[in-house]
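Close look at the chain arrangement
This is what each chain is made of:
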Amino acid sequence: MASPPAPRPDPVGACVFDAYGTLLDVHAAVGRHSARIGAAGDGAGGGKAAALSALWRAKQLEYSWILSQTGDYEDFEALTERALDFAMAAHGIADPGLRQALLASYRALDAFPDAAPTLAALRAKGVATAILSNGSPGMLAAAVGAAGLAPWLDAVLSVDDLRIYKPTPRVYALAAMRFGCAPRDIVFISGNAWDAYGAARFGCRVYWLNRTPHNGERQPDEYGLDRLAEGRIASLAELPDRIL
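One structure accompanies this document, and this report is about it. Only a predicted model underlies this, so the values are computations on that prediction, with no experimental measurement involved. Along each chain, numbering runs from 1 in the same order as the chain's sequence is written. Owing to the predicted nature of the model, reporting of local features is limited to residues with pLDDT of at least 70; listing and counting of side-chain atom pairs is limited to 80 or more, with chain, interface and lining totals taken over all residues. Note that the side-chain values use all heavy atoms of the structure and ignore hydrogens as well as water.

Our next topic: the nonpolar core. To form a nonpolar core, buried Ala, Val, Leu, Ile, Met, Phe, Trp, Tyr and Cys residues must be joined to one another through side-chain atoms within 4.5 Å. Exposed residues in this analysis have more than 50% of their type's maximum accessible area, buried residues have under 20%, and partly exposed residues fall in between, with area computed by a 1.4 Å probe over protein chains only. Counting 75 residues, the largest nonpolar core has Tyr20, Trp56 and Ile189 as the members making the most contacts within it. Note on conventions: DSSP H or I runs of at least 4 residues are helices, E runs of at least 2 residues are strands, and numbering of each starts at the N terminus. Considering every element that reaches this core, the biggest residue donor is helix α4 (residues 76-90), with 6 residues. When checking whether two residues touch, look at their non-hydrogen atoms; a contact exists if any pair is within 4.5 Å. When neighbours within four sequence positions are excluded, tyrosine 20 is seen to be in contact with Val26, Arg57, Phe76, Tyr106, Leu109, Ser133, Gly135, Met139, Leu140, Ala143 and Asn192.

Let us now look at the environment of tryptophan 65. Tracing the backbone shows tryptophan 65 in helix α3 (residues 45-70). Residue tryptophan 65 is classed as partly exposed on the basis of its relative accessible area of 33%. Between the alpha carbons of tryptophan 65 and alanine 199 there is a distance of 16 Å; along the sequence they are 134 residues apart.

Note on terminology: disulfide denotes any pair of cysteine sulfur atoms within 2.5 Å. Counted according to the given criterion, the structure contains 0 disulfides. Cysteine cysteine 15 is unpaired, with the sulfur of cysteine 181 as its nearest cysteine sulfur at 11 Å. Judged by relative accessible area, which is 0%, cysteine 15 ranks as buried. Looking at the unpaired cysteine 181, the closest cysteine sulfur is the one in cysteine 204, lying at 8.5 Å. According to the relative accessible area criterion, cysteine 181 is buried, its value standing at 17%.

Here we have 6 strands laid out as an open sheet, ordered β3-β2-β1-β4-β5-β8, and parallel in their pairing. Two strands bound the open sheet, and with one partner strand each, they are β3 (155-158) and β8 (231-233). In this sheet, neighbouring strand axes are inclined to one another by 25° on average, regardless of whether the strands run parallel or antiparallel. Whether two strands pair depends on DSSP finding at least two bridges between them. Here 4 bridges tie strand β4 (residues 186-190) to strand β5 (residues 205-209), and the two strands are oriented parallel to one another. Bridge pairing in β5 links phenylalanine 188 to valine 206. Angles shown run from 0 to 180 degrees and are taken between the N-to-C directions of axes, each axis being a line fitted to C-alpha atoms and, for helices, limited to the stretch in contact. Across the face of the sheet, helix α7 (residues 137-147) comes into contact with β2 (129-133) and β3 while running at roughly 145° to β3.

Turning next to the pattern of salt bridges. The salt bridge definition used is simple: a Lys or Arg side-chain nitrogen within 4 Å of an Asp or Glu carboxyl oxygen. Taken as a whole and judged by the stated rule, the model has 15 salt bridges. We note a salt bridge from lysine 166 to aspartate 195, for which the minimum N-O separation is 3.0 Å. Linking lysine 166 in the loop between β3 and α8 (169-179) with aspartate 195 in helix α9 (residues 193-202), this pair joins segments that are 29 residues apart in sequence. Of the residues examined, aspartate 195 reaches a relative accessible area of 0% and is grouped as buried. Measuring nitrogen to oxygen at the nearest pair gives 2.9 Å for the salt bridge that ties arginine 232 to aspartate 226. In this structure, a network of salt bridges that share partners links the residues Asp18, Lys166 and Asp195.

A word on α7. When we look at burial in α7, the residues that qualify are Met139, Leu140, Ala143 and Val144. The arc enclosing the buried residues of α7, seen along the axis, measures out at 115°, which places them on a common side. Set apart from the buried face of α7 by more than 90 degrees, the exposed residues are Ala141 and Ala146. If you follow the buried residues of α7, they end up packed against α4, α5 (96-106), β2 and β3. Directions are taken from the helix axis to each C-beta atom, and the arc is the one they span.

What follows covers the environment of alanine 35. Note on placement: alanine 35 falls in helix α2 (residues 34-40). Distance in space between the C-alpha atoms of alanine 35 and alanine 49 is 8.0 Å, their sequence separation being 14 residues.

What follows is the structure, given as structure tokens:
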């Protein structure tokens, strides 16, 4: 008896990526200035820099969520500046020159090493690729250009068009509308668990990129993503074989 045919993979209308923390390393900006941060504050360079970067990122996201919940909006560049001001003040750093250097570095973050090769591999297979980000258009254009990712992207979508932040459901609808497909045909990839959850609840096929070590291991499940997401990956390099 002949074996039944192997199941065909689900269609992929587009692979849509979060930018910050997924394709772009949000801690690269502080990493470039770690020695200067140590000298400006009251601690050693590496530890001080890591703490500053973590607080900067946490406040940046917190501000976006609070604005969305209260019906207000400021673009992500403004939130990034305010979050940095808070983080520097909290760590006792008063250095306008350093502030400007950090903000400039944030507009030119390093891409993770697996970002460009994965985007190129997907495009080589005929899969459309895009970014869907909280970032403002100017920030995204600068960062994507500096990271060398522009040739591998069909679209860069910003919440600025809606004036509300992720994980609001209609943000994820931007991707489905751009590619003219159902949410289920969008494969959404994020290194942020809350973002992956938002996309999964909207109806996208979601891969949670779990890069961050937690006590020597990958992060544990959050928001029920082990149930809601189609998969958890440790590197973007795993993605093409998983979905195609």
